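Next come the chains, spelled out residue by residue.
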Number of protein chains: 2
Amino acid sequence: MNYRILAKVLGLLLLLLSVSMAACGLFAGLDVVAGDHEAMVALFTSAGVTFLAGTILIFVGLGKIEKIPRREGVVIVGLGWVLSAVFGSLPYLLCPPHLGWSGAVFEAASGFTTTGSTVITDLEKWPRGLLLWRAVSQWLGGIGILVLFVAVLSYLGVGSKSLFRNESSFQSGEASTARIRDTAMTLLKIYFVISIVCVIGLRACGLSWYNAVSHSMTAVSTGGFSPHNASIGYYSGWGNGWAIELWISVIMLICSLNFLIFAVVVRKRWDRVREQNDVRWFIGICVVVSLGIGIGLSLDDRYSIGFVQALRESWFIVVSIASTTGFGATDYELWPAWCKALLAILMVVGGCSGSTAGGMKVNRLVVFLKSSAHEIIRAFRPNQVFRLVVNGNPIDETARARTTSFVALYLLIIALGAVVVGMLEAGQGIDLETCLAAVLATLSNIGPGFADLGPTENFSDLRDPTLTFLAGLMILGRLELFAILVLFVPAAWRRY
Amino acid sequence: MNYRILAKVLGLLLLLLSVSMAACGLFAGLDVVAGDHEAMVALFTSAGVTFLAGTILIFVGLGKIEKIPRREGVVIVGLGWVLSAVFGSLPYLLCPPHLGWSGAVFEAASGFTTTGSTVITDLEKWPRGLLLWRAVSQWLGGIGILVLFVAVLSYLGVGSKSLFRNESSFQSGEASTARIRDTAMTLLKIYFVISIVCVIGLRACGLSWYNAVSHSMTAVSTGGFSPHNASIGYYSGWGNGWAIELWISVIMLICSLNFLIFAVVVRKRWDRVREQNDVRWFIGICVVVSLGIGIGLSLDDRYSIGFVQALRESWFIVVSIASTTGFGATDYELWPAWCKALLAILMVVGGCSGSTAGGMKVNRLVVFLKSSAHEIIRAFRPNQVFRLVVNGNPIDETARARTTSFVALYLLIIALGAVVVGMLEAGQGIDLETCLAAVLATLSNIGPGFADLGPTENFSDLRDPTLTFLAGLMILGRLELFAILVLFVPAAWRRY
Ligand SMILES: [K+]
Ligand SMILES: [K+]
């Protein structure tokens, strides 16, 4: 293991965090609302500690890095999120009304992984500067996810290569740091542009600068933190509440598509856009499910709302869940069980690879479904040869097995995770649905879940070990399983 | 489509059903308990109708059958279970206290698929002759499953071939009817022997002939119907209640292993026995999970039972669920959520291929887990070549992809099934856990589920369309998905 590389990269990460904390501290100092002085002190203190730690690490790792080997890459990716959660928790620990250590780490992990689950029971009691840090952590997390995707996940993912064609040399097994930098910069430019466009739209809808920026940062990162207890439901009463919901839903939808598609769109390569099955599937799923739930709700006697209102409510929730953002507007916990079951499926599926969205990714769903259809046919026509193409890439048997393995493994982890949550909460009267919801909400980086973790609830009733376990699941989900799981498979380390 | 073959085989099936019904009618006539006269009339009437239908079909299909082509095989397998459910429902319709048509079909399907879910709220109100028919339907279902396995499923399954080696020519793609008959006869002989051994054991424990035979027929078929409302819990108060539970648990465990392993054991081919990963895995899972739950329950303050009692309760329930029998002794609905989550996982997994057990089968779990471990390693060591061996058979990439597809598809059907159940029950106040439980209990052919479908509850509160849908899921689960799903994939029918 080359510890110098580790120290240098992680040190740079901590410096970035430190600067961001200081920026939030500056906002808290300039802000006029009461309580922000304490927030400023907490944020500057945290920035100082983080800066110190980062500087030490960089000092340890002095020297030029040509190339990050696989093994070091895996460790950096895993440790990067863990360190972010640990140092990012400092402001929550230091600033009144204070969170406990496990709650603070949970909240920070929930931020950097863009999960958006919270242990804070009353957001309006917290200073605005600290809530800004909360939103910034998600926005930074979004950057981390895009860089991670370019550097690692695109090798594991399926069907992302066609967009990368000519973009950079993603056909080869290893990518040089220079190539990674180029592609990552393209994605980040798109991320910044969407962020700014989102802020402008929300300002136009009448939100204050603070609220517009806060919600934009958590919308483009599909994080879902909001400074309001009622989340986006805060604006439901506004005359243009529908416009705010619509605008945010469009941003959430866009940020769940493979970001490189926008680069391709700008260059008017329509042939390549047309190849992207996952984008079509994702939008199709959102439209069909929200229509279905909208019709169902408007026909149900217990929800005396018209079709238009039902569609408005279902569209926002469906996009919010499918994009793994988790913004709330309607309490879907009151919806019939079949709507909740559909939402649970959306939670598992998530968005497209190459976006900030979580979940197991639509690409994998497409490969899995196409592959299953082939299997069913092949069971009765054994000599049939199939060619499986997803996003313009032919999927060979190995990639097919890998993808379906991923899908099944993802579901297995959800089931086993529910067992662990139930064990950790044994004696607290937790029910099965809440156990499952806790895992779904965190592993797929959604935020809210079901039952006792529904959209109007929060994670504050869970015990410390459970919160730490769920924080781990957030990171596991963000790394798309493999990067962390490999640490537990001894054979993977042999002969390195 | 060769309708002659269809008519002949299905006609023979109906004749078999008719004879079985008449036998139960004879028992009802000879039995001394009140109310059995009506049962006799109902059973003889049903037998007559079924005999008539069977004779007509055989008359239509006169002629010698050399070989059943694939396409006809699929239709026979699917229609066989549907026809059994339809004609098998007649006694429930005709005999007081009567079931409605959907309830009767559900009960009959639950019998022939060896699911064991029931819509009967008070079994003790029904005549013994009819409850015997209920048990016989499961025992016949067990025969059907074994024949089906030999004829069709062993091609779809994974890792069953090593036991078949020298047994019959299962290496080739097509099997002649003669070969199928040989292997099927071996399995059925084992089935009969275990049935008789089970009856002898239960008689030795002091059960009446009627109860011993009833419970034996539903134990060896892993069906789980009992003539008692309290199921096996009826015997908990007996002095040798533990011996009855232990004996039944051993039978359930044995009947969840690949039946051909007993043929191999008799011939003392220990090398082949040792190759069987799935058998080792299945027994290991039962031991580990029941130990875990036993320890958990004895440590939990809310269950003031000693370790021995806790282990007795957990062992019986774990084996009952893992073997997909569904006999009840303890109300596991009162257990902590993590125990229920573990039981839910056992429900999905089920027993070994080549047994009467349901679920997605341990063989597939083993392939999936081994394959996932390989994937995780391969993600970081791309040049590593793996050789995957399960039950002595090398698993190639195609079999691997097929198996993991199956696992993921199985889980997808559970999720989508829950949505459908929720939709069909919309407005009845059904919760998410009950929706999921309904699908799990029926698709995996378990019997009891969770929440409103827990071990002390039944399916009588569900609406007619829901019951019909769940009856369909039982058959889908029994056919291990492919045989029915193929009907919905148009491409599978093309060019036949
Ligand atoms: K989120
Ligand atoms: K059963």
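Scoring rules and cut-offs
- Residues numbered from 1 in each chain as written.
- Chains lettered and ligands numbered in written order.
- Predicted model: local features only at pLDDT ≥ 70, side-chain atom pairs only at ≥ 80, totals over all residues.
- Heavy atoms only, no water.
- Helix = DSSP H or I, 4+ residues; strand = E, 2+ residues; numbered from the N terminus.
- Buried < 20%, exposed > 50% of the residue type's maximum accessible area, 1.4 Å probe, protein only.
- Contact = heavy atoms within 4.5 Å.
- Areas by Shrake-Rupley, 256 points an atom, 1.4 Å probe, with all protein chains shown as cover.
- Donors = N, O, S within 2.8 Å, 3.2 Å for Na, K, Ca; no water.
- Axes fitted to C-alpha atoms, helices over the stretch in contact; angles between N-to-C directions.
- Parallel < 35°, antiparallel > 145°, perpendicular 65-115°, else oblique.
- Left-handed = near helix turned anticlockwise from the far one by under 90°.
- Nonpolar A, V, L, I, M, F, W, Y, C, P; charged D, E, K, R; others polar.
- Polar contact = N/O pair within 3.5 Å; in protein donor to acceptor, adjacent residues only side chain to side chain.
- Salt bridge = Lys/Arg side-chain N within 4 Å of Asp/Glu carboxyl O.
- pLDDT = per-residue confidence, 0-100.
- Patch = residues over 30% accessible without salt bridge, like charges linked within 9 Å, V, L, I, M, F, W, Y side chains within 5 Å.
- Lys, Arg positive; Asp, Glu negative; His and termini not counted.
- Charge placed at Lys NZ, Arg CZ, Asp CG, Glu CD.
- Core = buried A, V, L, I, M, F, W, Y, C linked by side-chain atoms within 4.5 Å.
- Expected span 1.5 Å × (residues − 1).

Turning our eyes to something else, we now look at the overall build of chain A. On a plain count of helices and strands, chain A comes out with 20 helices and two strands. Within the span of chain A, comprising 496 residues, buried residues form 61% of the whole. At a minimum sequence separation of 6, the contacts of chain A that also span at least 24 residues come to 72%. Looking at chain A as shown, the accessible area adds up to about 18,100 Å², and 67% of this sits on carbon and sulfur atoms.

What follows covers the coordination of the potassium ion (ligand 2). Residues and elements named next belong to chain B. All of the protein donors around the potassium ion (ligand 2) are T114 (O), T115 (O), T222 (O), G223 (O), T324 (O), T325 (O), N445 (O) and I446 (O); their distances to the metal are 2.4 to 2.9 Å. Motif for the potassium ion (ligand 2), donor spacing along one chain: T-T-x106-T-G-x100-T-T-x119-N-I. Residue G223 is located in the loop between α9 (209–220) and α10 (241–254), and its partner T324 is located in the loop between α14 (307–322) and α15 (337–349); the two are separated by 101 residues in the primary sequence. Each member of the pair, G223 as well as T324, is classed as buried.

On to the coordination of the potassium ion (ligand 1). Residues and elements named next belong to chain A. All of the protein donors around the potassium ion (ligand 1) are T114 (O), T115 (O), T222 (O), G223 (O), T324 (O), T325 (O), N445 (O) and I446 (O); their distances to the metal are 2.4 to 2.9 Å. Donor residues for the potassium ion (ligand 1) sit on one chain with the sequence pattern T-T-x106-T-G-x100-T-T-x119-N-I. Linking T222 in the loop between α9 (209–220) and α10 (241–254) with N445 in the loop between α18 (432–443) and α19 (464–478), this pair joins segments that are 223 residues apart in sequence. Comparing T222 with N445, the two get one shared label, buried.

Before going further, it helps to examine the packing of α10 of chain A against helix α14 (residues 307–322) of chain A. Residue and element names in this part refer to chain A. Across the interface, α10 lies against α14 with an axial gap of 9 Å and an inter-helix angle of 30°. As judged from the angle between their axes, α10 and α14 are roughly parallel. Seen along the crossing, α10 lies across α14 with a hand that is left-handed. Residues G241, W242, E245, L246, I248, S249, M252 and L253 of α10 form the contact with α14, whose participating residues are R312, W315, F316, V319 and S320. Residues belonging to the contact of α10 with α14 are distributed by class as follows: eight nonpolar, three polar and two charged.

Attention now goes to the environment of H98 of chain B. Residue and element names in this part refer to chain B. Mapped onto the fold, H98 is located in the loop between α4 (90–94) and α5 (101–112). When its relative accessible area of 42% is taken as the criterion, H98 is described as partly exposed. Between the C-alpha atoms of H98 and I120, which are 22 residues apart in sequence, the distance is 9.7 Å. Once you skip the residues sitting within four places of it in the chain, H98 turns out to touch Y92, L93 and W126. For H98, the side chain forms a polar contact with the main-chain oxygen of L93, separated by 2.8 Å.

On to the environment of A22 of chain B. One can find A22 of chain B in helix α1 (residues 3–30). A C-alpha to C-alpha distance of 9.5 Å links A22 of chain B and W133 of chain B, two positions 111 residues apart in sequence.

Turning our eyes to something else, we now look at the pattern of salt bridges. Close approach of charged atoms allows side chains with opposite charge to pair. All names here are of chain B. Considering all chains together, one arrives at 12 salt bridges over all chains under this definition. Two residues, E333 and K340, come together in a salt bridge whose shortest N-O distance is 2.8 Å. A relative accessible area of 7% means that K340 is categorised as buried. Notably, a salt bridge pairs R364 with E480, separated by 2.9 Å at the nearest N-O pair.

Turning to unusual backbone geometry, a few remarks are in order. Looking along the chain, the bond that leaves P96 of chain A and enters P97 of chain A is cis, with omega of 5°. Relative to the helices and strands, P97 of chain A is located in the loop between α4 (90–94) and α5 (101–112). Even without glycine at this site, T114 of chain B takes up a positive phi of about 55°. Tracing the backbone shows T114 of chain B in the loop between α5 and α6 (128–156). Positive phi values are uncommon outside glycine, yet S231 of chain B reaches one of about 55°. Looking at where S231 of chain B falls in the secondary structure, it is placed in the loop between α9 and α10.

Let's shift gears to the confidence of the model for chain A. Residues and elements named next belong to chain A. Across chain A, the average pLDDT comes to 85, with 88% of residues at or above 70. Within chain A, the element-level pLDDT minimum falls on helix α7 (residues 161–164), averaging 52, and the maximum on α5, averaging 95. The model gives residues 166–175 a pLDDT under 50, and that stretch makes 23 contacts with residues more than four places away or in other chains. For this predicted complex, the interface score ipTM comes out at 0.83, while the overall pTM is 0.88.

On to a negative patch on the surface. There is a patch of like negative charges on the surface, built from D431, D452, E457 and D461 of chain A together with D431, D452, E457 and D461 of chain B. Relative to the helices and strands, D431 of chain B is located in the loop between α17 (397–424) and α18 (432–443).

A few words on the nonpolar core. Ranked by internal contacts, the top residues of the largest apolar core, which has 303 residues, are I293 and L343 of chain A together with I293 and L343 of chain B. Sequence-distant contacts of L343 of chain A, that is, excluding residues within four places in its chain, are made with I293, I317, V318, I321, Y332, W335 and F450 of chain A.

The next subject is helix α2 (residues 36–60) of chain A. The end-to-end C-alpha distance of α2 of chain A is 36 Å, a good match for the 36 Å that 25 residues give at a rise of 1.5 Å each. For α2 of chain A, the set of buried residues is D36, A39, A42, L43, S46, A47, T50, A53, G54 and I58 of chain A.

Turning to the packing of α18 of chain B against helix α19 (residues 464–478) of chain B, a few remarks are in order. Residue and element names in this part refer to chain B. Packing of α18 against α19 leaves a shortest axis separation of 7 Å and a crossing angle of 45°. When the axes of α18 and α19 are compared, the pair comes out oblique. Residue-level contacts link A438, V439, T442 and L443 of α18 to L470, L473, M474, L476 and G477 of α19. Classifying every residue of the contact of α18 with α19 by side-chain character gives seven nonpolar, two polar and no charged.

Turning to a nonpolar patch on the surface, a few remarks are in order. Residues and elements named next belong to chain A. Residues I283, V287, L291, I295, L299, F307 and V308 make up a contiguous nonpolar surface patch of roughly 620 Å² in combined accessible area. With five residues, helix α13 (residues 277–299) is the single largest residue contributor to the nonpolar patch. Within the secondary structure, I295 is located in helix α13. We classify I295 as partly exposed; its relative accessible area is 39%.

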